[in-house]
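Next come the chains, spelled out residue by residue.
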Amino acid sequence: MKPAYCVPVLMYHHVSPSAGMITTSPRNFERQIAGLARAGYHALTADAFAGFLAGEPVPDKSLLITFDDGYLDNYVYAHPVLQRYGMHGIIFLITGLIGDGPARPFNGQGGQLPATPEHRQAKALLAAGATDSVMLRWSEVKAMREAGTFEFHSHTHTHTRWDLENIPRDQCLARMTQEFADSRAALTRHLGSVSAHFCWPQGHFDADYVRLAKQAGFEYLYTTIAHGQNLAGGDPACIYRFAVRNRGFPWLRQRAWLASHPVIGPLYNRWKSWKRARRAS
Ligand SMILES: [Zn+2]
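Residues numbered from 1 in each chain as written. Predicted model: local features only at pLDDT ≥ 70, side-chain atom pairs only at ≥ 80, totals over all residues. Heavy atoms only, no water.

## What about the layout of surface pockets?
By volume, the largest pocket amounts to about 1,100 Å³. Take the lining of the largest pocket: its biggest share by element is five residues, from helix H9 (residues 264-280). Approximately 300 Å³ is the volume attributed to the second largest pocket. For the lining of the second largest pocket, the element with the most residues is helix H8 (residues 249-260), which contributes four residues. (1 Å grid on protein atoms, 1.4 Å probe; cavity = no way out; pocket = protein on both sides within 12 Å on 5 of 7 lines; lining within 4 Å. Points joined across faces, edges and corners; volume = space filled by probe spheres on them. Helix = DSSP H or I, 4+ residues; strand = E, 2+ residues; numbered from the N terminus.)

Structural data, given as C-alpha coordinates:
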(Lines give C-alpha, C1' and ligand atoms only; values in the text may rest on other atoms or scores of the structure.)
Protein backbone atom coordinates (compact mmCIF):
# COMPACT_ATOMS: atom_id res chain seq x y z
CA MET A 1 0.00 0.00 0.00
CA LYS A 2 1.28 3.43 -0.92
CA PRO A 3 0.54 5.54 2.18
CA ALA A 4 -1.06 8.99 2.03
CA TYR A 5 1.28 11.97 2.49
CA CYS A 6 -1.54 14.36 3.32
CA VAL A 7 -5.26 13.88 4.00
CA PRO A 8 -7.47 16.65 2.60
CA VAL A 9 -10.59 17.41 4.62
CA LEU A 10 -13.63 18.49 2.61
CA MET A 11 -16.27 20.78 4.13
CA TYR A 12 -19.91 20.76 3.06
CA HIS A 13 -23.04 22.35 4.57
CA HIS A 14 -26.14 21.76 2.41
CA VAL A 15 -26.88 19.24 -0.33
CA SER A 16 -30.19 20.39 -1.72
CA PRO A 17 -32.05 21.30 -4.91
CA SER A 18 -32.85 24.66 -3.24
CA ALA A 19 -29.96 26.66 -4.70
CA GLY A 20 -28.27 29.06 -2.31
CA MET A 21 -25.06 29.84 -0.49
CA ILE A 22 -22.92 26.95 0.86
CA THR A 23 -25.13 24.50 -1.04
CA THR A 24 -24.16 21.69 -3.39
CA SER A 25 -26.86 20.48 -5.76
CA PRO A 26 -27.80 16.78 -5.43
CA ARG A 27 -26.62 16.33 -9.05
CA ASN A 28 -23.16 17.78 -8.39
CA PHE A 29 -22.87 15.96 -5.07
CA GLU A 30 -23.54 12.67 -6.82
CA ARG A 31 -20.96 13.54 -9.51
CA GLN A 32 -18.40 14.34 -6.82
CA ILE A 33 -19.00 11.20 -4.74
CA ALA A 34 -19.27 8.91 -7.76
CA GLY A 35 -16.05 10.44 -9.11
CA LEU A 36 -14.22 9.93 -5.82
CA ALA A 37 -15.40 6.31 -5.64
CA ARG A 38 -14.42 5.59 -9.27
CA ALA A 39 -11.02 7.24 -8.88
CA GLY A 40 -10.24 5.04 -5.87
CA TYR A 41 -10.46 7.59 -3.06
CA HIS A 42 -10.92 6.32 0.50
CA ALA A 43 -13.32 8.30 2.70
CA LEU A 44 -11.87 7.85 6.19
CA THR A 45 -13.62 7.56 9.52
CA ALA A 46 -12.72 10.17 12.14
CA ASP A 47 -10.86 7.42 14.03
CA ALA A 48 -8.73 6.51 11.01
CA PHE A 49 -8.00 10.20 10.40
CA ALA A 50 -6.96 10.61 14.05
CA GLY A 51 -4.68 7.60 13.60
CA PHE A 52 -3.15 9.17 10.50
CA LEU A 53 -2.33 12.39 12.39
CA ALA A 54 -0.67 10.22 15.06
CA GLY A 55 1.50 8.50 12.44
CA GLU A 56 -0.49 5.40 11.46
CA PRO A 57 -0.45 5.08 7.68
CA VAL A 58 -3.66 5.32 5.64
CA PRO A 59 -3.89 4.53 1.91
CA ASP A 60 -2.93 7.11 -0.69
CA LYS A 61 -5.99 9.06 -1.93
CA SER A 62 -7.53 9.12 1.54
CA LEU A 63 -9.72 12.06 2.46
CA LEU A 64 -12.28 13.09 5.04
CA ILE A 65 -15.77 14.23 4.04
CA THR A 66 -17.24 16.58 6.66
CA PHE A 67 -20.58 18.36 6.96
CA ASP A 68 -21.33 21.17 9.41
CA ASP A 69 -24.46 21.91 11.46
CA GLY A 70 -26.73 18.89 10.77
CA TYR A 71 -29.27 20.01 8.17
CA LEU A 72 -32.23 17.85 7.19
CA ASP A 73 -31.03 17.92 3.58
CA ASN A 74 -27.95 15.91 4.59
CA TYR A 75 -30.30 13.00 5.31
CA VAL A 76 -32.67 13.57 2.38
CA TYR A 77 -30.02 14.06 -0.34
CA ALA A 78 -26.47 13.26 0.83
CA HIS A 79 -27.12 10.07 2.81
CA PRO A 80 -28.58 8.06 -0.14
CA VAL A 81 -25.67 9.09 -2.38
CA LEU A 82 -23.03 8.02 0.15
CA GLN A 83 -24.94 4.75 0.55
CA ARG A 84 -25.04 4.14 -3.20
CA TYR A 85 -21.27 4.55 -3.58
CA GLY A 86 -20.20 3.01 -0.28
CA MET A 87 -18.65 6.29 0.88
CA HIS A 88 -18.52 7.66 4.40
CA GLY A 89 -18.85 11.13 5.87
CA ILE A 90 -18.97 12.85 9.22
CA ILE A 91 -21.48 15.42 10.44
CA PHE A 92 -20.75 17.97 13.16
CA LEU A 93 -24.09 18.46 14.88
CA ILE A 94 -25.44 21.55 16.63
CA THR A 95 -26.84 19.20 19.23
CA GLY A 96 -29.42 21.59 20.70
CA LEU A 97 -31.15 21.94 17.34
CA ILE A 98 -31.64 18.23 16.62
CA GLY A 99 -35.27 17.22 16.99
CA ASP A 100 -37.44 14.30 17.95
CA GLY A 101 -39.98 12.37 15.91
CA PRO A 102 -39.85 9.68 13.25
CA ALA A 103 -37.40 9.71 10.35
CA ARG A 104 -38.70 11.45 7.22
CA PRO A 105 -38.32 9.97 3.70
CA PHE A 106 -35.02 10.39 1.85
CA ASN A 107 -34.47 10.65 -1.87
CA GLY A 108 -35.00 7.37 -3.71
CA GLN A 109 -36.87 5.78 -0.83
CA GLY A 110 -40.34 6.64 -2.08
CA GLY A 111 -42.73 8.94 -0.29
CA GLN A 112 -43.12 12.70 -0.28
CA LEU A 113 -39.72 14.30 0.36
CA PRO A 114 -39.66 17.08 2.95
CA ALA A 115 -38.82 20.58 1.74
CA THR A 116 -35.16 21.52 2.26
CA PRO A 117 -34.92 25.32 2.48
CA GLU A 118 -31.87 27.14 1.12
CA HIS A 119 -29.41 28.63 3.61
CA ARG A 120 -30.86 32.13 4.09
CA GLN A 121 -34.39 30.79 4.38
CA ALA A 122 -33.12 28.08 6.74
CA LYS A 123 -31.60 30.77 8.97
CA ALA A 124 -34.87 32.71 8.98
CA LEU A 125 -36.84 29.56 9.87
CA LEU A 126 -34.39 28.80 12.70
CA ALA A 127 -34.75 32.35 14.00
CA ALA A 128 -38.54 31.90 13.93
CA GLY A 129 -38.27 28.67 15.93
CA ALA A 130 -39.19 26.32 13.05
CA THR A 131 -36.13 24.18 13.82
CA ASP A 132 -37.61 20.84 12.79
CA SER A 133 -38.20 21.98 9.18
CA VAL A 134 -34.48 22.76 8.80
CA MET A 135 -32.51 20.40 11.01
CA LEU A 136 -32.07 16.65 11.44
CA ARG A 137 -33.95 14.55 13.96
CA TRP A 138 -32.18 12.08 16.23
CA SER A 139 -34.05 9.22 14.50
CA GLU A 140 -32.47 10.30 11.19
CA VAL A 141 -29.06 10.63 12.84
CA LYS A 142 -29.37 7.06 14.14
CA ALA A 143 -30.58 5.73 10.77
CA MET A 144 -27.51 7.23 9.04
CA ARG A 145 -25.20 5.91 11.72
CA GLU A 146 -26.66 2.42 11.38
CA ALA A 147 -26.36 2.58 7.58
CA GLY A 148 -22.69 3.56 7.95
CA THR A 149 -23.05 6.61 5.73
CA PHE A 150 -22.35 9.17 8.45
CA GLU A 151 -20.86 9.37 11.92
CA PHE A 152 -21.62 12.26 14.30
CA HIS A 153 -19.56 14.65 16.37
CA SER A 154 -19.94 17.94 18.24
CA HIS A 155 -20.39 21.41 16.72
CA THR A 156 -21.48 22.92 20.08
CA HIS A 157 -25.01 22.85 21.48
CA THR A 158 -26.34 26.20 20.20
CA HIS A 159 -23.77 27.44 17.62
CA THR A 160 -23.71 30.84 19.36
CA ARG A 161 -20.74 33.12 18.68
CA TRP A 162 -20.35 34.08 22.33
CA ASP A 163 -17.31 36.22 21.46
CA LEU A 164 -19.64 38.52 19.48
CA GLU A 165 -22.18 38.86 22.31
CA ASN A 166 -21.83 41.92 24.46
CA ILE A 167 -20.63 40.06 27.56
CA PRO A 168 -17.40 40.12 29.60
CA ARG A 169 -14.63 37.77 28.53
CA ASP A 170 -14.93 35.45 31.55
CA GLN A 171 -18.65 35.00 30.82
CA CYS A 172 -17.89 34.25 27.19
CA LEU A 173 -15.46 31.52 28.23
CA ALA A 174 -17.96 30.15 30.75
CA ARG A 175 -20.60 29.99 28.01
CA MET A 176 -18.21 28.08 25.74
CA THR A 177 -17.45 25.64 28.56
CA GLN A 178 -21.20 25.11 28.87
CA GLU A 179 -21.49 24.54 25.07
CA PHE A 180 -18.87 21.79 25.25
CA ALA A 181 -20.57 20.13 28.22
CA ASP A 182 -24.12 20.37 26.79
CA SER A 183 -23.14 18.97 23.39
CA ARG A 184 -21.25 16.11 25.02
CA ALA A 185 -24.27 15.32 27.21
CA ALA A 186 -26.68 15.38 24.24
CA LEU A 187 -24.49 13.11 22.08
CA THR A 188 -24.01 10.70 24.98
CA ARG A 189 -27.74 10.67 25.76
CA HIS A 190 -28.88 10.03 22.19
CA LEU A 191 -26.01 8.02 20.70
CA GLY A 192 -24.47 6.38 23.75
CA SER A 193 -21.04 7.95 23.30
CA VAL A 194 -19.19 11.12 22.37
CA SER A 195 -15.90 11.45 20.51
CA ALA A 196 -12.86 13.70 20.81
CA HIS A 197 -13.68 15.43 17.49
CA PHE A 198 -15.10 18.95 17.54
CA CYS A 199 -15.78 21.65 14.95
CA TRP A 200 -15.73 25.42 15.70
CA PRO A 201 -18.89 27.44 14.86
CA GLN A 202 -18.07 29.72 11.93
CA GLY A 203 -14.48 28.58 12.31
CA HIS A 204 -13.86 30.98 15.19
CA PHE A 205 -11.37 30.01 17.91
CA ASP A 206 -8.49 31.38 19.95
CA ALA A 207 -5.96 30.02 22.46
CA ASP A 208 -8.45 30.11 25.37
CA TYR A 209 -11.11 28.26 23.34
CA VAL A 210 -8.59 25.57 22.40
CA ARG A 211 -7.56 25.14 26.03
CA LEU A 212 -11.20 24.82 27.16
CA ALA A 213 -12.05 22.39 24.34
CA LYS A 214 -9.15 20.16 25.37
CA GLN A 215 -10.22 20.36 29.03
CA ALA A 216 -13.71 19.25 27.95
CA GLY A 217 -12.27 16.17 26.21
CA PHE A 218 -11.96 17.39 22.62
CA GLU A 219 -8.61 16.70 20.99
CA TYR A 220 -9.31 16.98 17.23
CA LEU A 221 -10.39 20.52 16.42
CA TYR A 222 -11.71 21.27 12.92
CA THR A 223 -11.19 24.76 11.54
CA THR A 224 -12.30 26.59 8.40
CA ILE A 225 -8.68 27.41 7.55
CA ALA A 226 -8.29 26.08 4.02
CA HIS A 227 -4.68 26.80 3.26
CA GLY A 228 -2.70 24.25 5.23
CA GLN A 229 -1.96 20.54 5.02
CA ASN A 230 -3.05 17.75 7.37
CA LEU A 231 0.10 15.67 7.70
CA ALA A 232 1.23 12.76 9.86
CA GLY A 233 2.51 14.31 13.08
CA GLY A 234 0.41 17.43 12.42
CA ASP A 235 -1.36 19.34 15.19
CA PRO A 236 -4.76 17.70 15.86
CA ALA A 237 -5.92 21.02 17.39
CA CYS A 238 -5.68 22.69 13.97
CA ILE A 239 -7.28 20.58 11.26
CA TYR A 240 -7.45 22.31 7.89
CA ARG A 241 -10.56 22.05 5.70
CA PHE A 242 -11.55 23.47 2.36
CA ALA A 243 -15.12 24.27 1.27
CA VAL A 244 -16.36 22.13 -1.59
CA ARG A 245 -17.87 24.20 -4.39
CA ASN A 246 -21.06 23.42 -6.27
CA ARG A 247 -19.10 21.99 -9.18
CA GLY A 248 -18.52 18.61 -10.80
CA PHE A 249 -15.90 16.01 -9.98
CA PRO A 250 -12.99 17.45 -12.05
CA TRP A 251 -12.97 20.57 -9.86
CA LEU A 252 -12.95 18.46 -6.67
CA ARG A 253 -10.23 16.14 -7.96
CA GLN A 254 -8.01 19.10 -8.79
CA ARG A 255 -8.72 20.83 -5.47
CA ALA A 256 -7.94 17.63 -3.50
CA TRP A 257 -4.76 17.17 -5.53
CA LEU A 258 -3.66 20.76 -4.80
CA ALA A 259 -4.47 20.32 -1.11
CA SER A 260 -2.37 17.19 -0.75
CA HIS A 261 0.58 17.59 -3.12
CA PRO A 262 3.89 17.62 -1.17
CA VAL A 263 5.43 20.43 -3.26
CA ILE A 264 2.62 22.18 -5.15
CA GLY A 265 0.28 22.09 -2.12
CA PRO A 266 2.37 24.32 0.16
CA LEU A 267 3.14 26.69 -2.75
CA TYR A 268 -0.54 26.97 -3.61
CA ASN A 269 -1.44 27.54 0.04
CA ARG A 270 1.21 30.25 0.42
CA TRP A 271 0.02 31.97 -2.74
CA LYS A 272 -3.64 31.87 -1.63
CA SER A 273 -2.75 33.13 1.87
CA TRP A 274 -0.69 35.95 0.35
CA LYS A 275 -3.59 36.94 -1.93
CA ARG A 276 -5.97 36.87 1.03
CA ALA A 277 -3.66 39.05 3.15
CA ARG A 278 -3.27 41.50 0.26
CA ARG A 279 -7.06 41.75 -0.17
CA ALA A 280 -7.48 42.35 3.57
CA SER A 281 -4.87 45.13 3.75
ZN1 LIG B 1 -21.67 25.67 11.67
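That shown, we press on.
## A look at the pairing of strand E1 (residues 9-12)
Burial of E1 is two-sided: the residues Val9 and Met11 facing one way and the residues Leu10 and Tyr12 facing the other way are all buried. Here E1 pairs with strand E5 (residues 62-69) via four bridges, running parallel. Bridge pairing in E5 places tyrosine 12 opposite phenylalanine 67. With two bridges joining them, E1 and strand E10 (residues 242-243) adopt parallel strand pairing. Within E10, the position partnered with methionine 11 by the bridge is alanine 243. (Buried < 20%, exposed > 50% of the residue type's maximum accessible area, 1.4 Å probe, protein only. Pairing = 2+ DSSP bridges.)

## A word on unusual backbone geometry
Unusually for a residue other than glycine, aspartate 69 sits at a positive phi of about 90°. In this fold, aspartate 69 is placed in strand E5. With a relative accessible area of 4%, aspartate 69 lands in the buried category. Positive phi, normally seen in glycine, also occurs at threonine 156, with a value near 70°. Relative to the helices and strands, threonine 156 resides in the loop between strand E7 (150-154) and helix H6 (169-191).

## What to know about the pattern of salt bridges
Pairs can form between side chains of opposite charge whenever their charged atoms are close. Going through the model one piece at a time under the given rule, you end up with ten salt bridges. With its nearest N and O atoms 3.5 Å apart, the salt bridge here joins aspartate 60 to lysine 2. Separated by 58 residues along the polypeptide, aspartate 60 in the loop between helix H2 (46-53) and E5 and lysine 2 in the segment before E1 bring together distant segments of the chain. You can call lysine 2 exposed: its relative accessible area is 60%. Where arginine 241 meets aspartate 68, a salt bridge forms, and the shortest distance between an N and an O atom there is 2.8 Å. Taken together, the residues arginine 241 in the loop between strand E9 (220-222) and E10 and aspartate 68 in strand E5 connect sequence positions 173 residues apart. For the pair shown, arginine 241 and aspartate 68 are each scored as buried. (Salt bridge = Lys/Arg side-chain N within 4 Å of Asp/Glu carboxyl O.)

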